[in-house]
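Descriptive structure summary
Each chain, written out:
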Amino acid sequence: MDDNRAHKVKENCQPLPCEGRGADLSPGPSPAKGGEHSWRPFPPSLAGKGAGGLGDHPPRERGWWVRCGRAAGQSAVEFALSVPVFLALLLGLIYVGIIFYSQVTISNAARVGANYLARHPLATDEQVEQVIRSELGALSQAATTIEISPPREERVPYVQLDVTVRYRVPLPTIRIPSLDGGQIVLLGPLWLRASSTMNVE
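A brief look at the structure comes next. All values derive from a computational prediction rather than experimental measurement.

With that settled, consider the overall build of the protein. The helix and strand tally for the protein stands at 3 helices and 5 strands. Tracing the protein from N to C terminus, the helices and strands come up as α-α-α-β-β-β-β-β. Considering the protein as a whole, with its 201 residues, one finds that 25% of them fall into the buried category. Residue pairs in contact within the protein that sit at least 24 positions apart in sequence constitute 56% of those at least 6 positions apart. Taken as a whole, the protein presents about 13,600 Å² of accessible surface, with 60% of it coming from carbon and sulfur.

Core analysis: the biggest nonpolar cluster contains 23 residues, and Ile106, Leu117, Val128, Ile132 and Tyr167 have the highest contact counts within it. The element best represented in this core is helix 2 (residues 59–119), accounting for 6 residues. What Val128 contacts, discounting residues up to four positions off in sequence, is Gly113, Tyr116, Leu117, Ala123 and Ile148.

Structurally, Leu161 can be placed in strand 2 (residues 160–169). Relative accessible area serves as the criterion here: at 0%, Leu161 is assigned to the buried category. Separated by 43 residues in sequence, Leu161 and Ala118 place their C-alpha atoms 7.1 Å apart. In contact with Leu161, not counting residues within four places along its chain, are Leu117, Ala118, Ser149, Pro150, Arg155, Ser196, Thr197, Met198 and Val200.

The next subject is the environment of Thr105. As for its position among the elements, Thr105 is in helix 2. Beyond its immediate sequence surroundings of up to four residues, Thr105 is in contact with Glu135, Leu136 and Leu139.

It is worth spelling out a nonpolar patch on the surface at this point. On the surface, a nonpolar cluster with roughly 530 Å² of combined accessible area is contributed by Phe86, Leu87, Leu90, Leu91, Ile94 and Ile98. Look at Ile94 and you get partly exposed, because its relative accessible area is 41%.

Turning next to the sheet that holds strand 5 (residues 190–199). Within the open sheet, the 3 strands sit side by side as 1-2-5. Their pairing is antiparallel. The strands lining the two open edges of the sheet, one partner per strand, are strand 1 (144–149) and strand 5. Averaged over all adjacent pairs, the angle separating strand axes in this sheet is 15 degrees, with direction ignored. Bridging between strand 1 and strand 2 involves 6 bridges; their strand directions are antiparallel. Bridging across to strand 2, Ser149 finds its partner in Asp162. Packed onto the sheet, helix 3 (residues 125–133) meets strand 1 and strand 2 and runs at close to 135 degrees relative to strand 1.

With respect to the secondary-structure elements, Ser196 resides in strand 5. Those residues in contact with Ser196 that lie beyond four places of it in its chain are Ala110, Arg111, Ala114, Leu161, Asp162 and Val163.

For Arg119, the position within the fold is in helix 2. Each C-alpha atom, one on Arg119 and one on Asn199, is 9.2 Å from the other, the two residues being 80 residues apart in sequence.

Here is what the cut-offs are and how they apply
- Residues numbered from 1 in each chain as written.
- Predicted model: local features only at pLDDT ≥ 70, side-chain atom pairs only at ≥ 80, totals over all residues.
- Heavy atoms only, no water.
- Helix = DSSP H or I, 4+ residues; strand = E, 2+ residues; numbered from the N terminus.
- Buried < 20%, exposed > 50% of the residue type's maximum accessible area, 1.4 Å probe, protein only.
- Contact = heavy atoms within 4.5 Å.
- Areas by Shrake-Rupley, 256 points an atom, 1.4 Å probe, with all protein chains shown as cover.
- Core = buried A, V, L, I, M, F, W, Y, C linked by side-chain atoms within 4.5 Å.
- Patch = residues over 30% accessible without salt bridge, like charges linked within 9 Å, V, L, I, M, F, W, Y side chains within 5 Å.
- Salt bridge = Lys/Arg side-chain N within 4 Å of Asp/Glu carboxyl O.
- Pairing = 2+ DSSP bridges.
- Axes fitted to C-alpha atoms, helices over the stretch in contact; angles between N-to-C directions.

This is the structure:
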């Protein structure tokens, strides 16, 4: 007799979907050890409808569903707030890498150009610029300007030679409105400069 009664009670029980995942969200007993679900008989109005039954929820069952909904909503809000911060950090790292690569590249190009000019003082400016631009790699040729001094006729032995390379980093322009009705530029194209000095051999 007792065995039949226990069997009927267990047939009207359903595992709670939020149990067994950390904190106990249900008003009933904690989950059993070993990862098993705790069982609790449903009221007659929910029997046979599972944990998602649409019958008349008693107050304790309504509280359980509210807590589950609040936890899901909190996770969604935290995700929405963290995504912009993560993207901003990622873009910042990319821009820093672009600036660093550009500065190293134009520094090397200026050094190579000055070395070539010191060994070939009678070379034309166009020839020196061609040597410098061949060292720019992935940088834009149109965004690069080159200055060479002194003029060709003044390049005598032991005269100081200066080669300057400027590059415009194509960063996006970000503006925000100011209180006086204007705009404040937070980020924009950046000019980098590298120079090298040598003496005519």
